[in-house]
Amino acid sequence: MPKRLHGVLPIVHTPFLDDDSIDVVSLRREIDFAFDTGADGLGTGMVSEILRLTSNERISLTHQIVDLAAGRGAVFAAVGAESIQQALVYAQAAEQAGCDAIMAVPPITTRLSESALVDYFCALAEGVSLTLIVQDASGYVGQAIPLSVYVALLERYGEEKIVFKPEAAPIGPNLSALRDATGGKARIFEGSGGILLVDSYRRGIAGTMPGMEMLAGIVALWRALQRGDEMAVYQLYYPICAVVALQLQAGLDGFLAIEKHLLVRQGLFATARRRRPYSWDLDRETAAEVERLMTQLDRAVAEART
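Residues numbered from 1 in each chain as written. Predicted model: local features only at pLDDT ≥ 70, side-chain atom pairs only at ≥ 80, totals over all residues. Heavy atoms only, no water.

On a plain count of helices and strands, the protein comes out with 11 helices and 8 strands. Computed over C-alpha atoms, the radius of gyration of the protein comes to 18 Å, within 12% of the 19 Å expected from 2.2 N^0.38 for 306 residues, which places it in the range of a compact globule. Considered along the principal axes of its C-alpha atoms, the protein spans approximately 50 × 45 × 35 Å. With 306 residues in all, the protein has 57% of them scored as buried. Within the protein, contacts between residues at least 6 apart in sequence are counted, and of these 73% link residues at least 24 apart. Summing over all exposed atoms, the protein offers an accessible surface of approximately 12,400 Å²; the carbon and sulfur share of this is 51%. Within the protein, one finds 28 positive and 37 negative side-chain charges whose respective centroids are separated by 2 Å. (Helix = DSSP H or I, 4+ residues; strand = E, 2+ residues; numbered from the N terminus. Rg over C-alpha atoms; globule rule 2.2 N^0.38 Å. Buried < 20%, exposed > 50% of the residue type's maximum accessible area, 1.4 Å probe, protein only. Contact = heavy atoms within 4.5 Å. Areas by Shrake-Rupley, 256 points an atom, 1.4 Å probe, with all protein chains shown as cover. Lys, Arg positive; Asp, Glu negative; His and termini not counted. Charge placed at Lys NZ, Arg CZ, Asp CG, Glu CD.)

Here we come to the sheet that holds strand β7 (residues 189-190). As summarised here, the arrangement of the 3 strands in space is β1-β8-β7, forming an open sheet in which the pairing is parallel. Of all strands in the sheet, those bounded by a partner on one side alone are β1 (7-8) and β7. Sheet topology note: the β7/strand β8 (residues 207-208) ladder contains 2 bridges and is parallel. Residue pairing for β8: phenylalanine 189 is matched across the bridge by glycine 207. (Pairing = 2+ DSSP bridges.)

A full pass over the atoms with the stated rule returns 5 cavities of 30 Å³ or more. What the largest cavity holds in volume is close to 120 Å³. Around the largest cavity, the lining comprises 16 residues; the ones closest to its centre are Val47, Tyr140, Lys165, Gly191 and Met209. In terms of lining, the second largest cavity is formed by Thr44, Ile50, Leu53, Arg58, Ile59, Leu61, Thr62, Ala77, Ala78, Val79, Tyr90 and Ala94. (1 Å grid on protein atoms, 1.4 Å probe; cavity = no way out; pocket = protein on both sides within 12 Å on 5 of 7 lines; lining within 4 Å. Points joined across faces, edges and corners; volume = space filled by probe spheres on them.)

Between its first and last C-alpha atoms helix α2 (residues 55-69) spans 21 Å; for 15 residues at 1.5 Å apiece the expected length is 21 Å, and the two agree. Three or more residues of α2 are buried, namely Glu57, Arg58, Leu61, Thr62, Ile65, Val66, Leu68 and Ala69. Looking at the buried positions of α2, the neighbouring elements they touch are α1 (24-37), β2 (41-43), β3 (74-78) and α3 (84-97). Note on α2: the residue one or two positions beyond its end, alanine 70, has a positive phi of about 55°. (Expected span 1.5 Å × (residues − 1).)

On to unusual backbone geometry, then. The amide bond that connects alanine 169 to the next residue, proline 170, takes the cis arrangement and shows omega of -5°. In this model, arginine 276 is joined to proline 277 through a cis peptide bond whose omega is 5°. You can see proline 277 is positioned in the loop between α10 (251-265) and α11 (284-305). We note that glutamate 49 has phi near 60°; this positive angle belongs to a residue other than glycine. Within the secondary structure, glutamate 49 is located in the loop between β2 and α2. Its identity is not glycine, yet alanine 70 carries a phi of approximately 55°, on the positive side. Take alanine 70: it is sitting in the loop between α2 and β3.

The next thing to look at is the packing of aromatic side chains. Applying the stated criterion across every chain yields a total of 6 aromatic pairs. Considering the side-chain rings of tyrosine 150 and phenylalanine 164, the 5.1 Å spacing of their centres and the 75° angle between planes classify their relative orientation as edge-to-face. Of this pair, tyrosine 150 sits in helix α5 (residues 147-157) while phenylalanine 164 sits in strand β6 (residues 162-166), placing them 14 residues apart in sequence. For the pair shown, tyrosine 150 and phenylalanine 164 are each scored as buried. These aromatic residues form a ring-pair network of at least three members: Tyr234, Tyr237 and Tyr238. Seen from the ring of tyrosine 90, arginine 58 lies directly overhead, with NZ or CZ sitting 3.9 Å from the centre. Positioned over the ring face of tyrosine 278 is arginine 274, at 3.7 Å from the centre of the ring. (Phe/Tyr/Trp six-rings, centres within 6.5 Å; stacked < 30°, edge-to-face > 60°. Lys NZ or Arg CZ within 6 Å of the ring centre and 35° of its normal.)

The following block contains the structure:
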């Protein structure tokens, strides 16, 4: 039976070897690290560089992640694509691989009407038996999804079949609007990297989908929020916010460059290699500031565990 999505669900980064092939050894370390650190599940998303992988690599990566997770938590796969047919190929591959859910953004090369958006997500919902995470990734790519589309999908399929990851700005008010428009039925996950996690938690989210690079801090922060430890919350939150602020300077490539730099720092990845082309490289001074902030975060995590 598929596992229910909840809690801290990090997005898996795709490690590459120097020949640009996927580094399965580093991938195993990353997934083991996630569960050892307290993740409730994991999956693929924008920072998995799925838009830069071949179709075969995307499907292979899904199978590898399910195998390496080995039942330790829920697994979901990003399946959004430019056509319904493409998205269904990825969705059905995810179901065959043993995923518990799929996550989809709308097509990014065309701006769809509300009815076309509903049709796209309905095709995915009906094409597999898995839970569908409806993702608005317009903070990075594509168009924002109107509230009316969310409500229509929830009314049609129910809160176990359809869950939401809305990332259109302003995220906090949009989360509350979705919550209120559905009478609190919508199960909502945030994906701000941590910079809006505290505000989102107070608005009633079911979980968070951060990157992997600050996972120890995010898990500690989530647990501090759950137990109402306000001092620990902000000791953890401030350095996380500051790192994400640096990532935001360069959009998706800023996240990827700093995330992979930190995964190498933690001994999880052999290289910080990303798929080309990309628009930004981590410079020495930004890296030094990231290091100062991570030292603070490491100290806050250690204190939260005592």
